[in-house]
Amino acid sequence: MENEFDYYIILPSNLDEVPLLSKDYSTNEGDIDFLYKIKKAPENHIAYLRFSESFQLQNLDTDYVDLDSVSVFSDRIKKELERHMPFNGFNLVQTIIKNDKDEEVKGFWIANIY
């Protein structure tokens, strides 16, 4: 990172055909259904996501990743949001993303708007 105002974003070239992230179906934990039902996530809930098979990443040095119109962002952006919270109908859900080697990448959050 060049300076504190540089943010790195990963977006697919064709969102409809190649989603970058999806629910991690290898675990029964970390359901993300609350995102599509427009309801508040359970307290202390952790969401588990996985990069699509077509997307391989060696080092996740990014601040924002798109999950089917849901915002997934880094600790850096979370800290900025927390400076302005609380917002009505908005909370942050800790998120763990598995890469193509099945390694867990932590330090990400989902914006849960309900």
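Note that the coordinates shown come from a computational prediction; the quantities given were computed from them, not determined experimentally. (Residues numbered from 1 in each chain as written. Predicted model: local features only at pLDDT ≥ 70, side-chain atom pairs only at ≥ 80, totals over all residues. Heavy atoms only, no water.)

**Student:** Looking at this model, I keep getting lost on the pattern of salt bridges. Mind explaining?
**Tutor:** Where charged atoms from two side chains of opposite charge come close, those side chains can pair. Scanning all chains against the criterion turns up 6 salt bridges. For Asp102, the salt bridge goes to Arg50, with nearest N and O atoms at 2.6 Å. One end of the pair, Asp102, is in the loop between strand 6 (90–98) and strand 7 (104–113); the other, Arg50, is in strand 3 (residues 46–51), and 52 residues separate them in sequence. A residue is classified by how much of its surface remains accessible, and Asp102, at 46% relative accessible area, is partly exposed. Across the salt bridge formed by Lys78 and Glu82, the nearest N and O atoms sit 2.7 Å from each other. Taken together, the residues span about one helical turn, with Lys78 and Glu82 both in helix 2 (residues 75–82) at a distance of 4 residues. When salt bridges with common partners are traced through the structure, they connect Asp24, Arg50, Lys98 and Asp102 into a single cluster. (Salt bridge = Lys/Arg side-chain N within 4 Å of Asp/Glu carboxyl O. Helix = DSSP H or I, 4+ residues; strand = E, 2+ residues; numbered from the N terminus. Buried < 20%, exposed > 50% of the residue type's maximum accessible area, 1.4 Å probe, protein only.)

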